[in-house]
Amino acid sequence: MSLRETNRSMRLRRTGVVPSDARVRHYDELDEETQVAVRELAGRPQTAPEADDLDDGDVVKFTDYYEVRAR
């Protein structure tokens, strides 16, 4: 299962600047369940359960660069 069973959630925020210390993940490297979450969250002000293969501060290259914010 790729979504963590915790009370934490994640959201994606479009970013034009990728911090030099950020881990960059490409959309096609993510498992299918995480890809669905990225598609649903990209560009929308909503949250989803935290994904196992994404951590707070990671950047996902999808249609743009999106920073993962988890809390």
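Everything quoted here is computed from the prediction, not taken from an experiment.

So, how was this worked out
Residues numbered from 1 in each chain as written. Predicted model: local features only at pLDDT ≥ 70, side-chain atom pairs only at ≥ 80, totals over all residues. Heavy atoms only, no water. Phe/Tyr/Trp six-rings, centres within 6.5 Å; stacked < 30°, edge-to-face > 60°. Lys NZ or Arg CZ within 6 Å of the ring centre and 35° of its normal. Helix = DSSP H or I, 4+ residues; strand = E, 2+ residues; numbered from the N terminus. Buried < 20%, exposed > 50% of the residue type's maximum accessible area, 1.4 Å probe, protein only. Pairing = 2+ DSSP bridges.

Enquirer: What am I meant to see in the packing of aromatic side chains here?
Expert: Under the defined criterion, the tally for this structure stands at one aromatic pair. For K61, the ring lying beneath its charged end belongs to Y65, and the centroid distance is 5.1 Å.

Enquirer: Could you clarify how one ought to interpret the side chain of Q35 in this entry?
Expert: Inspection of the secondary structure puts Q35 in helix α1 (residues 32-41). Using a relative accessible area of 16% as the deciding quantity, one classes Q35 as buried.

Enquirer: I'm lost on the sheet that holds strand β5 (residues 65-70) in this one. Help?
Expert: Either a parallel or an antiparallel arrangement is found when strands of a sheet pair, and the pairing is made through backbone hydrogen bonds. Strands sit in the order β2-β4-β5-β1-β3 across an open sheet of five strands; the sheet is mixed. Pairing within the sheet leaves two strands with one partner each, and these edge strands are β2 (24-26) and β3 (48-49). Where strand β1 (residues 9-14) meets β3, two bridges bridge the pair, whose relative direction is antiparallel. In the sheet register, M10 faces β3, and the bridge partner there is A48.

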